[in-house]
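Fold and contact review
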Amino acid sequence: MKVLVVGGGGREHAMAWALARSSKVDEVIVAPGNAGTALEPKVRNAQTGAGDIPALVQLARREEVDFTVVGPEAPLVAGVVDAFAEGGLLCLGPTQKAAELEGSKAFAKSFMVRHGIPTAAHEAFADLEAACAYIREVGAPVVIKADGLAAGKGVTVAENLDEALLATEGMLSGDAFGDAGRRVVVEERLVGEEISFIALVDGEEVVSLASSQDHKPRDDGDSGPNTGGMGAYSPAPRVDQVLYRRIMDEVIEPTVSGLAAEGRHYTGFLYAGLMVTPEGEPKVLEFNCRLGDPEAQPLLMRLDSDFADLCLAALKGELASADVRWDDRAALGVVLAAGGYPGPTTKGLPIEGMDQPLPPDTHLFHGGTAFDEEGRVVTNGGRVVCACGLGATVADAQERAYRLVGQIHWDGVFYRRDIGYRAIGR
Ligand code: AMP
Ligand code: GLY
């Protein structure tokens, strides 16, 4: 089989790597990919941007791929799956209507209210006066969210009223996030432990993936500015049998059946970002219509069964009989970011240590990397690579991952030194 992966980050490298491991897959094409996917056996890059939907359809046709898997949310929200379906092509991911669950926070919140899915109390506003009056009424701390896609930057957890009002003004004026911020969701701040729960859905049937947890804040001890994720691990020991059941019964199943009832049948990866309250109740912070990044990297390292078969089962509505097995070992990934991340970063810095052999039970997934004219691997984004390790326990996996981290260096490289600390402390 020939498979196309859409995207060019660490998640897409992990997807391409997992697909290439299948004995049934002869070749994986990644559009546009990165230096890591270019170097992966059986994988090659195509110079097609993840946002150019007509060009992606053409590419899939020209290359006669058997199916396509989409990594990032933007093409899904823009309707890439619908365009492929119109062309008679198999493409794993939700349709535009189903992807609105991530594409509009206001839609997601009202959907959750309609279907009794636990989430923070909220109101949505397009009018500044009304938003500010409401914020003054509820008081701080309070959370302000841009309605549309804002590349993971559209959320302000405001500690005081000034911060909340400033964020709201920035969004509603269009200055902060353009049209994505023309509507805001103001919501209650939840406290507890954040976990990521990811399932694969075939329109009806749901298969939950192994549990995982990411570290969103930039600095050690989960402090500092919010990022797209500085590291992740699987399994997440917080998700015991009781919590697992509650998440499936109270969040995932009602979401999939609720969407179907509203004519938005969901196919693809469904990611619920959850806050587990001190009382042990899972509440939805956000839905994503895709695999998490960096959660996908350790998760897919643990997948023992065939990833291509699993994707095809979801595409064909056959998940009920799919073979899904996980390595008993734990996996952990540490993101190595460029200096300045999550702010602006310098591109084109040569990465040292790429030619050294990988330590056993590790893999280096590239995110923001490229080749320079001399063919060297250089930095090309904020989250540059994710060093992953497998081990008997999360602590063992952590040790292996950091051994690989120690081999990689570039000017200004930055990473957390405590990825997995909650799981190890438990
Ligand atoms: P989101 O993109 O909605 O997941 O928001 C990004 C991050 O903001 C989350 O990972 C949480 O850490 C935080 N966050 C979002 N909503 C809330 C909330 N209602 N209460 C507390 N923290 C939140
Ligand atoms: N790691 C969080 C996300 O992918 O949204």
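Structure shown above.
The following refers to the structure shown. Chains are numbered independently. Their residues run from 1 in the order of the written sequence. The order in which chains are written sets their letters, starting at A; the order in which ligands are written sets their numbers, starting at 1. Local features in this predicted model are restricted to residues of pLDDT 70 or higher, and side-chain atom pairs are both shown and tallied only at a pLDDT of 80 or more, whereas totals for entire chains, interfaces and linings draw on every residue. To get the side-chain values, take all heavy atoms of the structure and skip hydrogens and water.

Turning our eyes to something else, we now look at the overall build of the protein. What counts as a helix is a DSSP run of H or I of at least four residues, what counts as a strand is a run of E of at least two, and both are numbered from the N terminus. Looking only at helices and strands, the protein has 14 helices and 22 strands in total. The size measure is the radius of gyration over C-alpha atoms, and the globule rule it meets is 2.2 Å times the number of residues to the 0.38 power. Expected size for 426 residues packed as a compact globule is a radius of gyration near 22 Å; at 21 Å, the protein falls within 12% of this value. Along the first, second and third principal axes, the C-alpha atoms of the protein reach 60 × 45 × 45 Å. Counting over 426 residues, the protein shows a buried share of 59%. Where accessible areas are quoted, they stem from the Shrake-Rupley method and a 1.4 Å probe; at the residue level, only the protein chains shown are allowed to cover. Per element, the accessible surface of the protein, about 16800 Å² overall, is 48% carbon and sulfur. The convention is simple: Lys and Arg are positive, Asp and Glu are negative, and His and the chain ends are not counted. One atom stands in for each charge, and that atom is NZ of Lys, CZ of Arg, CG of Asp or CD of Glu. When the 39 positive and 62 negative side-chain charges of the protein are each reduced to one mean point, those points stand 1 Å apart. For every residue, the accessible area (1.4 Å probe, protein chains only) is compared with the maximum for its type, and the residue is labelled buried under 20%, exposed over 50%, or partly exposed between those bounds.

What follows covers the side chain of histidine 215. Structurally, the position occupied by histidine 215 is in the loop between β12 (213-214) and β13 (217-219). Two N or O atoms count as a polar contact when they lie within 3.5 Å, although within protein this holds only if one can serve as hydrogen donor and the other as acceptor, and sequence-adjacent residues are included solely when both atoms are side-chain atoms. Among the polar contacts listed, one links the side chain of histidine 215 to the side chain of aspartate 222, at a separation of 3.2 Å. Excluding anything up to four places from it in sequence, histidine 215 contacts Asp222, Thr227, Gly229, Met230, Gly231, Tyr233, Arg416, Asp418, Ile419, Gly420 and Tyr421. In this description, contact between two residues means that some pair of their heavy atoms is separated by no more than 4.5 Å.

Moving on to the sheet that holds strand β18 (residues 330-337). In this analysis, strands are considered paired if DSSP registers two or more bridges between them. Within the open sheet, the five strands sit side by side as β12-β15-β18-β22-β19. Their pairing is antiparallel. Only two strands of the sheet have a single neighbouring strand rather than two, namely β12 and β19 (362-366). Note: β18 against strand β22 (residues 383-391), eight bridges, orientation antiparallel. The residue of β22 that forms the bridge with alanine 330 is glycine 391. Axis geometry follows a simple rule: fit a line to the C-alpha atoms, using only the stretch in contact for helices, then measure angles between N-to-C directions, giving values from 0 to 180 degrees. Sheet contacts for helix α13 (residues 394-405): β15 (231-234), β18, β19 and β22; angle to β22, the most-contacted strand, approximately 135°.

With that settled, the discussion passes to the site of ligand 1. Proximity is defined per residue: if any heavy atom of the residue lies within 4 Å of a molecule or strand, that residue is considered near it. Neighbouring residues of ligand 1: 15 residues in total, closest Glu187, Glu188, Leu190, Glu194 and Glu286. Note that an oxygen atom of ligand 1 is positioned 2.5 Å from one of the side-chain N or O atoms of glutamate 194. At 2.8 Å, a side-chain N or O of glutamate 286 approaches an oxygen atom of ligand 1. If ligand 1 stood free it would expose 460 Å²; the protein chains cover 91% of that surface.

Contacts to ligand 2 come from Asp214, Lys216, Gly228, Tyr271, Asn288, Arg290, Gly292, Asp293, Pro294 and Glu295. The contact in question runs from a nitrogen atom of ligand 2 to an N or O atom on the backbone of glycine 228, over 3.1 Å. The separation between an oxygen atom of ligand 2 and a polar side-chain atom of asparagine 288 is 3.4 Å. Calculation on ligand 2 without its partners gives an accessible area of 200 Å², and the protein chains cover 91% of this total. Each residue receives one of three labels: charged for Asp, Glu, Lys and Arg, nonpolar for Ala, Val, Leu, Ile, Met, Phe, Trp, Tyr, Cys and Pro, and polar for the others, Gly being one of them. Residues of the shell around ligand 2, tallied by class, amount to two nonpolar, three polar and five charged.

Moving on: the packing of helix α6 (residues 96-103) against helix α7 (residues 105-114). Packing of α6 against α7 brings their axes to within 6 Å, and their N-to-C directions diverge by 95°. In this view, α6 runs roughly perpendicular relative to α7, as classed from their interaxial angle. Where α6 approaches α7, its residues Glu100, Leu101 and Gly103 are matched on the opposing element by Lys105, Phe107, Ala108 and Phe111. Tallied by class, residues from the contact of α6 with α7 come to four nonpolar, one polar and two charged. For this classification, under 35 degrees means roughly parallel, over 145 means roughly antiparallel, 65 to 115 means roughly perpendicular, and everything else is oblique.

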